[in-house]
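Summary of structural features
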Amino acid sequence: MADAIQFYEPNERYGFFSNFSLHSIVIDGTTWPTVEHYYQASKFLAADIIARVHHATTPEQAFKISREYSKQVRPDWNSIKEAVMMRGLRCKFHQHHPLAHWLVATETQPIVEHCYSDAYWGDGGDGSGQNRLGQLLMALRDELKNKHPYKMIRYVDAAQLPTQFGVFTMHGFVQPDNNTEHLALTYGELDVTKPVLIRLHSECLTGDALYSLRCDCGFQLQKALETIVSHGSGALLYLRQEGRGIGLLNKIRAYHLQDKGADTVEANERLGFAADMREYHFCEGMLHYLEIDQVKLMTNNPRKVQALCIAGINVVERVPLQEGHNIYNDNYLATKSSKLRHILSKEDGFSLS
Ligand SMILES: Nc1nc(O)c(N)c(N[C@@H]2O[C@H](COP(=O)(O)O)[C@@H](O)[C@H]2O)n1
Ligand SMILES: [Zn+2]
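The shown structure was predicted, so the numbers you read here are calculated from the model rather than taken from an experiment.

Turning our attention to the overall build of the chain. Scanning the chain for helices and strands turns up 13 helices and eleven strands. Burial analysis of the chain (353 residues in total) assigns 50% to the buried set. Taking as baseline every contact in the chain between residues at least 6 positions apart, the subset at least 24 positions apart corresponds to 59%. In the structure as shown, the chain presents an accessible area of about 17400 Å², 52% of it carried by carbon and sulfur atoms. One finds the centroid of the 36 positive side-chain charges in the chain at a distance of 4 Å from the centroid of its 41 negative side-chain charges.

This is how it looks when you write it as structure tokens:
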């Protein structure tokens, strides 16, 4: 059996599982500062007691106040307390998207509230308790894992990524249907109440890492990261769709055909592929994790704009990203413009040599 995750203090690694973690929830139009406030207040029918618990300054206070009124707990409490707790948990995890992704990321690990003072919700400290809170969290995990968007993308972990432009946070994901690994690089505090500056960047090993002049990818990647840093915040989704989705070795085959005169679309087609094999549906899940639903999108590619719109993301602005035009990618960019409908305009600095 996988190692159990034990949680208790809200400031520890898995502290977000605690009902004392500072994640507010909205239930029937009322905002509760924590699940603990909601759970403790639900024990009572008297409006003045509910209000006192509701307005407690901390979850610890909410717990303490509720104990003061232990004689006035509603008579049916024992029969409804699990449902109340589950409702609070569902609201917390549905209303704070990263928490839900972190919960699903624990896969099949047992989740245990390690608590000496509680043998009902917790494990009683020695493992003899019922761990009902851990059980409900695992039940919620089972509910979520096969649902949209957790089915299309799985969050795995995050770490710092210092770059020459600034220090980003790198969030790792896996696409379960084909095991492809993707990244989201975020910079600064994302204010998701406003459109977030983002880039969907498809992997191009040759351009991004090997300084190729055959395309514009490396230049666009650099410019996008620089722009995000100078803007103060934003996100770059690095999508592992090498070669417009045909893979690196097929891209070499396509380049070979282009060396013999084919354009970038003809080369793909001669190899038996569509001009562009990429899909973007899973980006919706990555943006869901980041709680982004409105964006300013850095791209020249209308398919990326369209894909986000289909995914329900509000693309309030397309920010042109015309970078790295040179004699080696002149024909490539011209074909991107004429056949793949990339928006490359004179006003934004594009002109064929
Ligand atoms: N299949 C293929 N043929 C070429 O000639 C190419 N240069 C590429 N490059 C890939 O295109 C993607 C970037 O295009 P967008 O600017 O995002 O439309 C990226 O996956 C490159 O590897 N592919
Ligand atoms: Zn490229």
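Alright, that's what it looks like, and here's the rest.
With that settled, consider the layout of surface pockets. When its volume is computed, the largest pocket comes out at roughly 450 Å³. In this structure, the largest pocket is lined by 21 residues; those nearest its centre are Phe20, Glu36, Phe63, Glu113 and Asp118. If you list the elements that add at least two residues to the lining of the largest pocket, you get helix H1 (35-41) and helix H3 (59-68). Its residues assigned to classes, the lining of the largest pocket shows ten nonpolar, four polar and seven charged.

This next bit is on the sheet that holds strand S5 (residues 154-162). With mixed pairing, the seven strands of this open sheet are ordered in space as S5-S6-S7-S9-S8-S10-S11. The open sheet has two edge strands, S5 and strand S11 (314-319), and neither has a second partner. Looking at each pair of strands side by side, their axes are set apart by 25° on average, direction ignored. Looking at chain direction, strand S10 (residues 294-298) and S11 are connected through five bridges and run parallel. Bridge pairing in S11 places Gln294 opposite Asn314. Contacts between helix H8 (residues 217-231) and the sheet are confined to strand S6 (167-175), strand S7 (180-187), strand S8 (196-202), strand S9 (234-239) and S10, with S8 contributing the most and set at about 160° to the helix.

Mapped onto this numbering, the UniProt entry gives "binding site: Zn(2+)" (unreviewed entry) at Cys204, Cys215 and Cys217. Taking the annotated residues in turn, Cys204, Cys215 and Cys217 line the largest cavity. With respect to the secondary-structure elements, Cys204 resides in the loop between S8 and helix H7 (205-209). Ignoring anything within four residues of it in the chain, the contact list for Cys204 reads Ala209, Cys215, Cys217, Tyr238, Glu242 and Lys251. Examined against the element boundaries, Cys217 turns out to sit in helix H8. Residue classification places Cys217 among the buried positions, given a relative accessible area of 12%.

What follows is about the coordination of the zinc ion (ligand 2). For the zinc ion (ligand 2), the full set of protein donor atoms is Cys204 (SG), Cys215 (SG) and Cys217 (SG), at a range of 2.2 Å. Residue class for Cys204 comes out buried when judged on its relative accessible area of 4%.

Enumeration according to the criterion identifies one cavity of 30 Å³ or more in this entry. Here the largest cavity is characterised by a volume of approximately 340 Å³. Together, 27 residues line the largest cavity, and Cys217, Arg244, Arg278, Tyr332 and Lys336 are the ones closest to its centre. Looking at the lining of the largest cavity, the elements that each hand over two or more residues are S8, H8, helix H9 (248-259), helix H10 (264-270) and helix H13 (330-338). If one sorts the elements of the lining of the largest cavity by residue count, H9 sits on top with four residues. Residues of the lining of the largest cavity, tallied by class, amount to seven nonpolar, twelve polar and eight charged.

So, how was this worked out
- Residues numbered from 1 in each chain as written.
- Chains lettered and ligands numbered in written order.
- Predicted model: local features only at pLDDT ≥ 70, side-chain atom pairs only at ≥ 80, totals over all residues.
- Heavy atoms only, no water.
- Helix = DSSP H or I, 4+ residues; strand = E, 2+ residues; numbered from the N terminus.
- Buried < 20%, exposed > 50% of the residue type's maximum accessible area, 1.4 Å probe, protein only.
- Contact = heavy atoms within 4.5 Å.
- Areas by Shrake-Rupley, 256 points an atom, 1.4 Å probe, with all protein chains shown as cover.
- Lys, Arg positive; Asp, Glu negative; His and termini not counted.
- Charge placed at Lys NZ, Arg CZ, Asp CG, Glu CD.
- 1 Å grid on protein atoms, 1.4 Å probe; cavity = no way out; pocket = protein on both sides within 12 Å on 5 of 7 lines; lining within 4 Å.
- Points joined across faces, edges and corners; volume = space filled by probe spheres on them.
- Nonpolar A, V, L, I, M, F, W, Y, C, P; charged D, E, K, R; others polar.
- Pairing = 2+ DSSP bridges.
- Axes fitted to C-alpha atoms, helices over the stretch in contact; angles between N-to-C directions.
- UniProt positions renumbered as here; feature names shortened; annotations may be inferred.
- Donors = N, O, S within 2.8 Å, 3.2 Å for Na, K, Ca; no water.

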